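As a plain string of letters, each chain reads:
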Amino acid sequence: MPGYIRFDWAMKRLLRNKANFGVLEGFLTTLLNEKITIRRLLESESNQEDEYDKYNRVDMLAENSSGELFLIEVQNNNEYAYFQRMLFGASKLVTEYINRGEGYHNVRKVYSINIVYFSLGSGRDTVYHGKTEFHGIHTGDILELSPFQKQKFNADAVSELYPEYYILKVNDFDKVATTPLDEWIYYLNTGEVPTGATAPGLDDVRERLKLDRMTKDELSAYYRHLDNVVILRDNIITEREEGRAEGLAEGRAEGRAEGIMDIARGMKADGLPVGVIAKYTGLSSSEIEKL
């Protein structure tokens, strides 16, 4: 049993405490490769009332010292339209955090950070980064900011003005942790901190997210949460396997039926009587007449 609290549970119960911001700051600093200081947490879609969402998903919205927004979401089970969900979440923040009548230069920078415990899309890596760039159709060059825009927006590239997306497919991580980001993904995947890990924030995990710091009631609630996560994941796998089995069975049945129809067509083309065709194929006279 891992000795540290899962990240999704910590987001729900512990990381909203300012004293524990070091965990989030360390994670974001490692992922973005720049020092991130959280100023405050904002309202998000957390505390889902739906029983499924209660264990399947948790999100947290943070603002750093520069006013940038970080939407961190953990999703346990499959959602086929998750890419569109990411787009919706980031777009919603863009519109919610600007007042009507304000100039567009006040649009906030949004980072959408998604920790997924299911197979999202098709790819070989465990960490993906998406950003908006404009490429010339004829020349292939990237559209850049003018010197005035760079000074006005305090940005070096157009992509810095748009939402950026990070996807961490932590279940696909199956190697030795050799970088600070690897160390974080190892923890997100296993609930353990690698021996000798030096990534920012993992010292805070060791100190503040130990299971033995929890009360008896907190520990009971935590284990119930883990049980429900496992049950939900097993239900998804079972439904997927049952659907695959039903599809194969239906496919075989359809294949057999089509094969019989092909045989009947051949017999009819050879001039065999309808009665004979019906006897050997099991088809009705009306079905044979329609061939």
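Here the structure is a predicted model, which is why all the values come from computation and not from measurement.

A closer look at unusual backbone geometry
In the Ramachandran plot, Asn33 falls in the positive-phi region, its phi being about 60 degrees despite a non-glycine side chain. Turning to its location among the elements, Asn33 is positioned in the loop between helix H2 (21-32) and strand E1 (38-42). You can call Asn33 exposed: its relative accessible area is 70%. In this model, Asn154 sits at a positive phi of 50 degrees, which is unusual for a non-glycine residue. Structurally, the position occupied by Asn154 is in the loop between helix H5 (147-153) and strand E6 (164-169). On the basis of relative accessible area, Asn154 is assigned to the exposed category, the value being 71%.

Re the environment of Lys131
For Lys131, the location among the structural elements is in the loop between strand E5 (127-130) and H5. For the pair Lys131 and Pro163, spaced 32 residues apart in sequence, the C-alpha separation works out to 6.9 Å. Ignoring sequence-local partners within four residues, the contact set of Lys131 consists of Ser159, Pro163 and Glu164.

Observations regarding the confidence of the model for the chain
Interpretation of the predicted coordinates at a detailed level should be avoided for regions scoring low in pLDDT. Averaged over all residues, the pLDDT of the chain is 83; the fraction at 70 or higher stands at 85%. Considering only residues more than four positions removed or in separate chains, one finds that residues 46-53, a stretch of pLDDT under 50, has 11 contacts.

Some words on the nonpolar core
Ranked by size, the top nonpolar core spans 45 residues in total, and within it Phe7, Phe27, Ile113, Trp184, Tyr187 and Leu188 carry the most contacts. Residue contributions to this core peak at seven residues, all from H2. Ignoring sequence-local partners within four residues, the contact set of Tyr187 consists of Tyr4, Ile5, Arg6, Phe7, Glu192, Val193, Leu202, Val205 and Leu209.

Some words on the pattern of salt bridges
For the coordinates displayed, the defined rule picks out nine salt bridges. A salt bridge links Glu63 to Arg40; its shortest N-O distance comes to 2.5 Å. Residue Glu63 is found in strand E2 (residues 57-64), and its partner Arg40 is found in strand E1; the two are separated by 23 residues along the sequence. On the basis of relative accessibility, which here comes to 2%, the residue Glu63 falls in the buried class. Among the charged side chains, a salt-bridge network with shared partners connects Arg39, Arg40, Glu63 and Arg108.

What about the pairing of strand E3 (residues 69-75)?
Burial analysis of E3 places seven of its seven residues in the buried class, which makes it a mostly covered element. Where E3 lies against strand E4 (residues 110-116), seven bridges are found, and the strand directions are parallel. In the strand pairing of E4, Gln75 is matched with Val116. In the classification by handedness, the crossover that spans E3, the intervening helix H4 (residues 82-96) and the parallel E4 is right-handed.

Re the pairing of E4
Moving residue by residue along a regular strand, the side chains alternate between the two faces of the sheet. Of all the seven residues making up E4, seven are buried; the element is thus mostly covered by neighbouring parts of the structure. Residues of E4 alternate between two faces, with Val110, Ser112, Asn114 and Val116 on one and Tyr111, Ile113 and Ile115 on the opposite face, all of them buried. In the sheet, E4 pairs with E6 via six bridges, with the strands oriented parallel. The residue bridging Asn114 from the neighbouring strand is Ile167, located in E6.

Some remarks on the packing of aromatic side chains
In this structure the tally under the stated criterion is seven aromatic pairs. When the centroid spacing of 6.0 Å and the interplanar angle of 80 degrees are considered together, the rings of Phe7 and Trp184 count as edge-to-face. Of the two residues, Phe7 is situated in helix H1 (residues 7-13) and Trp184 in helix H6 (residues 180-190); the sequence distance between them amounts to 177 residues. Each member of the pair, Phe7 together with Trp184, is buried. Pairing Trp184 with Tyr187 gives two aromatic rings, centres 5.8 Å apart and planes at 75 degrees, and the pair type is edge-to-face. Separated by three residues within a single helix, Trp184 and Tyr187 lie in helix H6, roughly one turn from each other. Three or more aromatic residues joined by ring pairs make a cluster, and in this case those are Phe7, Phe27, Trp184 and Tyr187.

Conventions used here
- Residues numbered from 1 in each chain as written.
- Predicted model: local features only at pLDDT ≥ 70, side-chain atom pairs only at ≥ 80, totals over all residues.
- Heavy atoms only, no water.
- Helix = DSSP H or I, 4+ residues; strand = E, 2+ residues; numbered from the N terminus.
- Buried < 20%, exposed > 50% of the residue type's maximum accessible area, 1.4 Å probe, protein only.
- Contact = heavy atoms within 4.5 Å.
- pLDDT = per-residue confidence, 0-100.
- Core = buried A, V, L, I, M, F, W, Y, C linked by side-chain atoms within 4.5 Å.
- Salt bridge = Lys/Arg side-chain N within 4 Å of Asp/Glu carboxyl O.
- Pairing = 2+ DSSP bridges.
- Right-handed = clockwise from strand over helix to strand, strands pointing away.
- Phe/Tyr/Trp six-rings, centres within 6.5 Å; stacked < 30°, edge-to-face > 60°.

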